[in-house]
Amino acid sequence: MKNLLPINRVLVLIAALLMVSAYFTPLWQISLWAPQYPEGLNMKIWIDKLSGDVDIINGVNHYIGMKHIGVEMFPEFTYLIYVFGAIIGFGILSAIIAKKWMVYSFFGLIVLMGIGVLVDMYIWGYDYGHNLDPTAAIKVPGMAYQPPLIGYKQLLNFLSYSGPDIGGWIITVSALIMIVVVVTEWRRK
Amino acid sequence: MKTRMWLLAGAAIAMAFAYGCKPKGAQSTISGDAASKVYVPPGQYDEFYNIVSGGFNGQMSVVGLPSGRVFKILPVFSVHPENGYGFSEETKPMLNTSNGFVPWDDLHHISISTTNAEHDARWAFGNANNTPRIARVDLTTFKTVEIIEIPNSAGNHSSPYITENTEYVVAGTRFSVPTGSDENRDVPISTYKENFKGHISFISVDPESGQMDLSFQIEAPPFNFDLARAGKKKSHGWFFFSTYNTEMAHTLLEVNASQKDKDYIMAVNWKKAEEYIKQGKGKKQSVKYAHNVWDEHTHTGVSTIKNEVLVLDPTELKDMVYFIPCPKSPHGTDTDPTGEYIIGSGKLAAIIPVFSFTKMLKAIENEDFEGSLQGMPVLNYESVLHGEVQKPGLGPLHTEFDGKGFAYTSMFVSSEIVKWNIETLEVVDRVPTYYSVGHLMIPGGPTGKPHGKYMVAYNKITKDRYLPTGPELAHSAQLYDISGDKMQLLLDFPTIGEPHYAEAFPASLIMDKQVKFYKMEDNNHPRALKGINDARVERDGNKIHIYLTSIRSNFRPDNIEGVRVGDEVYFHMTNLEQDWDVPHGLAVKGANTAELLVMPGETATLKWVPDRVGIFPFYCTDFCSALHQEMQGYIRVSAAGSNTPLKFSTGEAE
């Protein structure tokens with residue numbers, strides 16, 4: 001098995017190091033707009049915490065019986081930092097060792113993590129939107145409030161948006177770099 | 001291969017831009033001629049008087065429509081240092097209650113007097129929400145002339161709605177409370193269902209003088225009574241009260257009072273109640289409440305404490321109270337101009353139910369009941385229903401009418417007003433409000449004769465509408481043109497206090513009836529002066545009475561000596577002017593009270609207890625003439641026990 005092109009070794013290292021930003025930037029965001037919130041409400045999801053208008057969103061959502069969003073709601077926050085660390089470590093290692101199979105594995109890990117996170121978010125969103133307090137003040141028959149996975153969705157008087165934040169985009173860039181690496185290495189055999 | 005990579009990159013960029021496509025802010029678009037529709041040229045008048053509740057400022061404001069200009073802050077339940085209301089000796093009794101002097105209240109709703117279900121605009125009524133009272137304002141003087149306290153009530157929210165000839169003004173209690181003797185009232189809160197009662201008061205209004213009298217109360221179940229409307233025309237003789245917390249919860253109502261799918265509109269046959277009273281079926285109950293009346297001739301309020309109320313028990317007296325099931329925690333209950341339709345706005349409901357008065361009578365006649373509440377019939381929802389407005393919006397609160405067959409309902413949660421056809425129940429138009437409209441108002445809207453030209457939205461949230469003023473913002477209102485098929489936003493204006501309900505009527509009804517000044521010869525104030533010659537100072541024990549006149553541009557007397565520290569000094573000031581728009585003010589240095597603002601021909605009294613020796617100036621606060629700055633005087637205060645002789649003078653120099 002051949003070694004990597006020198007340029008691809010550098011790219012793999014860059015991709016791995018870019019992912020370090022996940023520890024310093026928000027990865028995902030959920031926004032809400034309503035007639036009385038023209039400026040919008042924004043919640044940011046980090047690797048191990050939440051920030052933004054979480055309290056206001058909780059205040060609004062309790063009328064329809066949605067659960068209180070808090071750090072304790074997401075066990076992911078306790079282990080995601082290690083998962084990321086392992087993947088980044090593996091990336092750096094594959095840049096040093098520079099074996100093709102390692103680079104492919106690194107790319108595979110990023111993709112698996114991405115899919116894992118999306119599936120996880122969908123499951124959380126389903127529960128958050130469907131599993132409502134039966135004693136809630138406002139009950140609209142047949143209405144569920146599952147937030148969109150990616151993109152926009154109208155929920156009663158709120159338009160909601162879900163999508164990557166800075167950290168999420170940087171990881172996307174890492175993934176794109178890795179696609180370049182994987183494709184060029186694949187064509188080289 | 002390269003193209004595919006570009007495609008990928010392109011997709012990523014597209015996603016990034018998707019976020020930029022978030023919805024536009026709520027900057028409204030005003031179409032071309034809006035400005036000319038609200039422009040009242042200099043020298044011309046607004047078309048409508050708009051009497052607007054001030055909410056937590058306890059006052060009313062007087063606004064012109066369509067300009068949105070504020071003409072007056074009219075003090076009702078709150079002291080008003082600006083003109084001495086609640087500070088002068090004459091006005092203090094107006095704010096007396098069974099709890100003593102109360103300087104503030106929360107005024108939510110306005111009713112303008114009607115005859116044959118049309119505005120006659122003789123009086124404006126307002127409710128005090130906190131210490132339950134109803135006030136009557138004379139619309140020829142724009143003065144609060146009467147305040148009556150409501151016993152057995154707590155949170156006078158379902159008030160002051162009136163019958164079509166202003167026979168009665170009602171007061172339904174928001175908080176049910178235990179009533180009766182001390183023993184009956186000192187009960188555990190957890191015994192709510194057994195011991196608490198929701199009293200509904202009917203206060204009669206004298207058709208000539210307007211004077212109010214607590215006629216009778218109905219002892220209703222311990223629900224929260226929210227709002228009310230009288231029947232009119234064909235439904236005259238009935239009154240409709242919305243109720244929530246029919247769960248009868250006494251804690252965490254946000255959750256516990258929102259559990260039932262339907263609460264009730266309570267329909268009261270008040271003609272039947274009158275019959276029972278004639279038959280002597282009411283029970284007298286011992287209570288304590290204040291009744292304060294302003295006398296336009298003595299320019300003085302008199303407070304009387306009353307001790308009795310007549311109570312009717314609807315569980316024993318049949319055919320007087322019925323319950324109409326209404327989804328879900330209804331806020332407004334409104335009757336259309338014909339009196340046939342009763343609209344319940346369930347603030348948590350997904351539809352708006354419209355009830356038919358004719359069907360209600362039929363259901364009562366056929367005893368078409370789905371059950372009973374403590375012996376009072378609950379009518380069948382379906383039997384009374386005219387129909388439901390489907391998908392109207394979120395959070396319906398109140399409905400007004402244009403007299404052209406349409407109803408307009410305010411939607412708090414979806415922040416819009418929805419126009420719908422009363423007969424067909426179809427939604428025909430909707431406009432956004434900025435933001436979260438509470439009450440809405442059409443001139444004449446609650447009467448049998450609406451003027452369907454303008455509509456005002458009184459909003460609960462302001463946010464970005466005006467230049468920001470720190471954490472507390474003016475409440476916003478919007479004026480719409482509703483003369484066409486589509487509602488059109490014309491104007492966005494800030495308001496005073498926190499407006500809840502308001503009413504408006506054509507200016508022509510009252511503008512020529514305005515009192516311009518009080519006639520000197522009609523002034524029966526016991527300490528009034530009819531001319532400058534009687535100006536004097538008298539000592540009566542430790543009381544000093546200064547009989548003071550004001551006329552452009554002097555006070556008489558203006559040099560006063562012989563007052564001692566600890567004396568009670570009363571300035572009885574008579575404004576001798578007999579011309580429009582010449583009030584005189586009076587302010588005394590260090591006085592622990594407000595100024596007086598005395599209208600021409602009026603007498604008012606400022607009390608001052610000097611606490612130190614010295615010379616104290618007093619002056620006129622209302623810029624009355626070119627020599628206003630010369631309108632001043634001095635009062636000398638000597639030590640307690642000193643023997644400085646009592647002296648007063650004007651225009652005497654050494």
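No experiment lies behind these values; they were computed from the predicted model shown.

Draft legend 1. Representation of the sheet that holds strand 17 (residues 300-312) of chain B. Residues and elements named next belong to chain B. An order of 6-7-8-9-16-17-12-11-10 is seen for the 9 strands of this open sheet, with the pairing classed as mixed. Each end of this open sheet is capped by a strand with a single partner; those strands are strand 6 (107-115) and strand 10 (168-172). Neighbour to neighbour, the strand axes of the sheet diverge by 25° on average, direction disregarded. Bridge analysis of strand 6 against strand 7 (residues 118-128) gives 6 bridges, and the strand direction is antiparallel. From the neighbouring strand, I110 faces strand 7, where its bridge partner is G126. Together, strand 10, strand 11 (198-205), strand 12 (212-220) and strand 17 form the strand contacts of helix 6 (residues 270-278), whose direction differs from that of strand 17 by roughly 85°.

Draft legend 2. Seen up close, the pattern of salt bridges. Residues and elements named next belong to chain B. Enumeration over the complete set of coordinates arrives at 30 salt bridges over all chains. The partner of R69 in a salt bridge is D46, and the shortest N-O contact between them spans 3.1 Å. Placement of R69 in the loop between strand 2 (59-65) and strand 3 (70-75) and of D46 in the loop between helix 2 (34-38) and strand 1 (48-53) is noted, with a sequence separation of 23 residues between them. Here the residues in one salt-bridge network are D33, K37 and D481, joined through shared partners.

Draft legend 3. Layout of the packing of helix 1 (residues 6-18) of chain A against helix 3 (residues 76-97) of chain A. Residues and elements named next belong to chain A. Between helix 1 and helix 3, the least distance of the axes is 8 Å, while the angle of their chain directions is 165°. Taken together, the axis directions place helix 1 and helix 3 in an arrangement best described as roughly antiparallel. In this structure, helix 1 crosses over helix 3, and the sense of that crossing is left-handed. On helix 3, the residues touching R9, V12, L13, A16 and L17 of helix 1 are I88, G91, I92, S94, A95 and I96.

Draft legend 4. Molecular detail of the domain arrangement of chain B. Residues and elements named next belong to chain B. Taken domain by domain, chain B holds domain 1 (38-513) and domain 2 (520-649). When each unit is reduced to the centre of its C-alpha atoms, the spacing between domain 1 and domain 2 is 42 Å. Facing the 14 residues of domain 1 at the interface are 16 residues of domain 2. With both sides pooled, the region where domain 1 packs onto domain 2 buries about 1100 Å², and carbon together with sulfur makes up 51% of that total. A per-residue breakdown of the area domain 1 buries against domain 2 is headed by E89, H297 and H299, which together make up 38% of the total. Across the contact surface, domain 1 and domain 2 share 1 salt bridge. Across the pair E602 and K143 runs a salt bridge whose closest N-O atoms are separated by 3.2 Å.

Draft legend 5. Geometry of helix 6 of chain B. All names here are of chain B. Buried residues of helix 6: W270, A273 and Y276, and no others. Burial along helix 6 is one-sided: seen end-on, the buried residues are contained in an arc of 100°. On the buried face of helix 6, the contacting elements are strand 10, strand 11, strand 12, strand 14 (238-244), strand 15 (262-269) and strand 17. G280 lies just past helix 6 and shows a positive phi near 75°.

Draft legend 6. Main features of the packing of aromatic side chains. Residues and elements named next belong to chain B. Taken as a whole and judged by the stated rule, the model has 30 aromatic pairs over all chains. Note on F48 and Y454: the rings are 6.0 Å apart at their centroids and 90° apart in plane angle, and the pair reads as edge-to-face. Placement of the pair is F48 in strand 1 and Y454 in strand 30 (residues 454-459), with a sequence separation of 406 residues. Both residues of the pair, F48 and Y454, count as buried.

Draft legend 7. Here's a closer look at the sheet that holds strand 44 (residues 647-649) of chain B. Residues and elements named next belong to chain B. With mixed pairing, the 6 strands of this open sheet are ordered in space as 40-39-42-43-37-44. For this open sheet the edge positions go to strand 40 (596-598) and strand 44, each flanked by a neighbour on one side alone. On average, each strand axis in the sheet is tilted by 20° relative to the strand beside it, whichever way the strands run. As judged from the 2 bridges shared by strand 39 (residues 584-588) and strand 42 (residues 614-619), these two strands associate in the antiparallel manner. By the bridge assignment for strand 42, A587 is matched with Y619.

Draft legend 8. Layout of the nonpolar core. Residues and elements named next belong to chain B. If you look at the biggest cluster of nonpolar residues, it comprises 34 residues, and the most contacted ones within it are F202, I218, F239, F241, M266 and F323. Sorting elements by how many residues they give to this core places strand 13 (residues 224-230) first, with 4 residues. Beyond its immediate chain neighbours, meaning those up to four positions away, I218 contacts G198, H199, I200, F202, V268, L312, P314, M320 and V321. In terms of nonpolar packing, the next biggest core, distinct from the first, is built from 26 residues, L74, V76, L139 and A507 among them.

The rules behind these values
- Residues numbered from 1 in each chain as written.
- Chains lettered and ligands numbered in written order.
- Predicted model: local features only at pLDDT ≥ 70, side-chain atom pairs only at ≥ 80, totals over all residues.
- Heavy atoms only, no water.
- Pairing = 2+ DSSP bridges.
- Helix = DSSP H or I, 4+ residues; strand = E, 2+ residues; numbered from the N terminus.
- Axes fitted to C-alpha atoms, helices over the stretch in contact; angles between N-to-C directions.
- Contact = heavy atoms within 4.5 Å.
- Salt bridge = Lys/Arg side-chain N within 4 Å of Asp/Glu carboxyl O.
- Parallel < 35°, antiparallel > 145°, perpendicular 65-115°, else oblique.
- Left-handed = near helix turned anticlockwise from the far one by under 90°.
- Domains from an automatic or database assignment.
- Buried area = accessible area lost by both parts, 1.4 Å probe.
- Buried < 20%, exposed > 50% of the residue type's maximum accessible area, 1.4 Å probe, protein only.
- Arc of directions from axis to C-beta.
- Phe/Tyr/Trp six-rings, centres within 6.5 Å; stacked < 30°, edge-to-face > 60°.
- Core = buried A, V, L, I, M, F, W, Y, C linked by side-chain atoms within 4.5 Å.

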